[in-house]
Amino acid sequence: MRIVNCKSCGAPIVWIKTQNGKNMPCDAAAVEYQENYKGKSTVVTEDGRVLKATIIDRTGGGLLSPVIDGKGYIPHWATCPHAAQHRRRDND
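1. Description of the overall build of the chain
- Across its full length, the chain carries 0 helices and 7 strands.
- Beginning at the N terminus, the succession of helices and strands in the chain can be written as β-β-β-β-β-β-β.
- Each of the three principal axes of the chain carries a C-alpha extent, and together these read 50 × 25 × 25 Å.
- Counting all 92 residues of the chain, 28% fall into the buried class.
- Accessible surface computed for the chain: about 6,900 Å², of which carbon and sulfur atoms make up 49%.
- The distance from the centre of the 13 positive side-chain charges to the centre of the 9 negative ones in the chain is 5 Å.

The rules we used
Residue positions within a chain follow its written sequence, with the count starting from 1. The model is predicted, so local features are restricted to residues of pLDDT at least 70 and side-chain atom pairs to those at 80 or more, both for listing and for counting; the totals for chains, interfaces and linings are taken over all residues. Only hydrogens and water are removed before side-chain values are computed, so all heavy atoms of the structure are retained for them. Where helices and strands are cited, they refer to DSSP runs of H or I of at least four residues and of E of at least two residues respectively, numbered from the N terminus. Exposed residues in this analysis have more than 50% of their type's maximum accessible area, buried residues have under 20%, and partly exposed residues fall in between, with area computed by a 1.4 Å probe over protein chains only. Computed with a 1.4 Å probe, the accessible areas rest on the Shrake-Rupley method; for each residue, only the protein chains presented here act as cover. The convention is simple: Lys and Arg are positive, Asp and Glu are negative, and His and the chain ends are not counted. Every charge is mapped onto a representative atom, which is NZ of Lys, CZ of Arg, CG of Asp or CD of Glu.

This is how it looks when you write it as structure tokens:
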């Protein structure tokens, strides 16, 4: 995957083609996730699946090891401070 910079905020991003055939900008750093249909995060896998998930944060400590389903990427619209400027307005 080629890393480029977001034209709005300058953050490193990668483009991943989803299973629906659309290119989605994602943060360049991969995260570990646990698939969870009630999860608060969206994750895009390298093969283009878009999942609801819980992001695993290993810095929290704890006695139990989390179950990790894989590594994926957070869509950049979730972290970019300028994301609203790039949203499509289908109702206009």
